[in-house]
Amino acid sequence: MSTSSKEMQILTLAEVKAEIYSRKNPTLTPVDIEIHANAVHRILELKQKHDIVVLGHNYMEPLVFGLSEKDEQGDSLALSMRAIKTNSQYIIFNGVRFMAETAKILNPDKMVLIADRQSGCSLADDFGAEQIRELKLQHPGVPVMIYINSYAEAKAECDVCCTSANAEKIAMEMPGDELIFVPDLFFAQNLENVLNGKKKIIYPGKGNNTKGAVCEVHEKFTISDIISMRNSFGITKSHPNRMLYVHWECKPEVLQEADYYGSTTQIRNDIAYRVEQGTLEKAFIASECELTSNLMEEFPTVEFGTACSIRCNHMAKISLDKIHNIFEAIESGDDLSPWEITLSDEIISKAVKPIEKMLSLSY
Ligand code: SF4
């Protein structure tokens, strides 16, 4: 955004309100703005006063997303990179817990805070270190690549980490003809399809008795939903100005139907490119609803289809009010332990290795 973009100048409440209205986000009503402007104003004031980095994932609701500067917004990989650069004592992570853990692993000396430590993720919650150890026993010597949507204990068991933006590249950089990929079953199958035999992907349930996980949001998109959306919203296949975007975590048959598939940032960048070329009229994104809400604001010339019955309940736990509570606690010097991400030194020292390996292979 930014509501906080006026450098080194604390905005008045009226200026904050005016700036939120000027964003013209179609999902923000005047009632939303009037109710929440005080909290936004106070958070921005304290953010500046205490020099706090506020990282915002693309799936945050627009008022929360807007608490982060442009360079503090993004997907898991972008935020991991941003977390390394900060000199701030505090990092407030507006995303889910595994993301805040990644920031902590990369910044062990900083205090990483999250508005709700119960904000999980079906991928991270349903697959852990124990299952990885089982897979390694069943496939000795095969390198293990783990999706960043996992907890620190699980990452600590693996050779390399990946995101949806870099999985294909990193898979090909790993030694040998085989690679274990965990925990996302649809992502694994999509990766296998993209690699097209260049590397054998072993994943939970494939030739072994381990059970994997899926994203409870992206799995909801079915092929019949996608086809009926194409018909009702007029995004016909191969139309030059209308695009159906699909996230890697969707089912393989849904990916096959896409005009473009990729990570959240890759989808956003493709939209930006087409808008710049003046060629994008309509778009539908098979992903979390608030991603579309934020893109509607950034690209007002595009008509976006929405599917806001499909929200991530974990992401939705990170509310403006809960974030506000952290800022007031920092201001008054209160105990921050209810929001603090803590990990043992041993887990940090093991989990940082696959993340650093990913970062070294990403560019
Ligand atoms: S959208 Fe899916 S992958 Fe992302 S946090 Fe929610 S459950 Fe996890």
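Residues numbered from 1 in each chain as written. Predicted model: local features only at pLDDT ≥ 70, side-chain atom pairs only at ≥ 80, totals over all residues. Heavy atoms only, no water.

Undergrad: I tried to follow the site of the ligand on my own but got confused; where do I start?
TA: Inspection of the region around the ligand gives Y59, V96, C121, S122, L123, N149, C215, E216, V217, E249, C312 and M315 as its neighbouring residues. When its residues are assigned to classes, the shell around the ligand shows eight nonpolar, two polar and two charged. (Near = heavy atom within 4 Å. Nonpolar A, V, L, I, M, F, W, Y, C, P; charged D, E, K, R; others polar.)

Undergrad: Would you mind going over the state of the cysteines with me for this structure?
TA: Simply put, disulfide is the name for a covalent bond between the sulfur atoms of two cysteines. Per the stated rule, a full pass over the model turns up one disulfide. Shown here is the disulfide that connects C289 with C308, its sulfur atoms set 2.0 Å apart. Handedness of the C289-C308 disulfide follows from its S-S torsion of about 85 degrees: it is right-handed. Of this pair, C289 sits in helix α14 (residues 289-298) while C308 sits in the loop between β12 (303-305) and α15 (320-332); the two residues are 19 residues apart in sequence, bridging distant segments of the chain. Taking the relative accessible area as the measure of exposure, C289 reaches 5% and is therefore buried. (Disulfide = S-S within 2.5 Å. Helix = DSSP H or I, 4+ residues; strand = E, 2+ residues; numbered from the N terminus. Buried < 20%, exposed > 50% of the residue type's maximum accessible area, 1.4 Å probe, protein only.)

Undergrad: So what exactly am I meant to see when it comes to the packing of aromatic side chains here?
TA: A full pass over the atoms with the stated rule returns six aromatic pairs. Connected via pairs of aromatic rings, a cluster forms that spans Y147, F181, F187, W248 and Y261. Here the basic side chain of R97 rests over the ring of Y151, its NZ or CZ set 4.3 Å away from the ring centre. Across from the ring centre of F233, 4.6 Å away, lies the NZ or CZ of K282, which sits over that ring. (Phe/Tyr/Trp six-rings, centres within 6.5 Å; stacked < 30°, edge-to-face > 60°. Lys NZ or Arg CZ within 6 Å of the ring centre and 35° of its normal.)

Undergrad: What's the story with the nonpolar core in this structure? I'm lost.
TA: The tendency in soluble globular proteins is for nonpolar side chains to be buried as a group. Of all hydrophobic cores here, the largest spans 127 residues; its most connected members are M145, F181, L191, I271, F304 and M358. When residues of this core are assigned to their parent elements, the largest contribution, eight residues, is made by helix α16 (residues 345-362). When near neighbours in sequence (up to four residues on either side) are disregarded, M358 contacts L77, I148, V160, C161, C162, T163, N166 and I170. (Core = buried A, V, L, I, M, F, W, Y, C linked by side-chain atoms within 4.5 Å. Contact = heavy atoms within 4.5 Å.)

Undergrad: Honestly, the packing of helix α4 (residues 76-85) against α16 in this entry has me stumped. Any pointers?
TA: Think of two packed helices as two axes; the pair is described by the angle between the axes and how far apart they sit. Two elements in contact, α4 and α16, have axes separated by 12 Å at closest approach and are oriented at 105 degrees. Between α4 and α16, the angle is such that the two are roughly perpendicular. Listed contacts from α16 to L77, M81 and I84 of α4 are M358, L359 and S362. By residue class, the composition of the contact of α4 with α16 is five nonpolar, one polar and no charged. (Axes fitted to C-alpha atoms, helices over the stretch in contact; angles between N-to-C directions. Parallel < 35°, antiparallel > 145°, perpendicular 65-115°, else oblique.)

Undergrad: What is the right way to read the sheet that holds strand β2 (residues 73-74) from this model?
TA: Two modes of strand pairing occur in sheets, parallel and antiparallel, and in both the strands are linked by backbone hydrogen bonds. Spatial ordering of the open sheet is given by β2-β1-β3-β4, a layout of four strands whose pairing is parallel. Only two strands of the sheet have a single neighbouring strand rather than two, namely β2 and β4 (111-113). Of the strand pairs in this sheet, strand β1 (residues 53-57) and β2 are connected by two bridges, and their pairing is parallel. Its bridge partner lying in β2, G56 is registered against Q73. Where α4 meets the sheet, it contacts β1, β2 and β3 (90-94), and its direction lies at approximately 170 degrees from that of β1. (Pairing = 2+ DSSP bridges.)

Undergrad: Quick question: what am I supposed to make of helix α13 (residues 264-277) here?
TA: Between its first and last C-alpha, α13 extends 20 Å over 14 residues, near the 20 Å set by a 1.5 Å rise per residue. Looking at α13, one finds that the buried residues are T264, I267, D270, I271 and A272. In this fold, the buried residues of α13 make contact with β9 (242-247), β10 (260-262), β11 (282-286), α14 and β12. Looking one or two places after α13, you find G278, whose phi comes out positive at around 70 degrees. (Expected span 1.5 Å × (residues − 1).)

So far we have only geometry, and geometry alone does not tell us how the molecule works.
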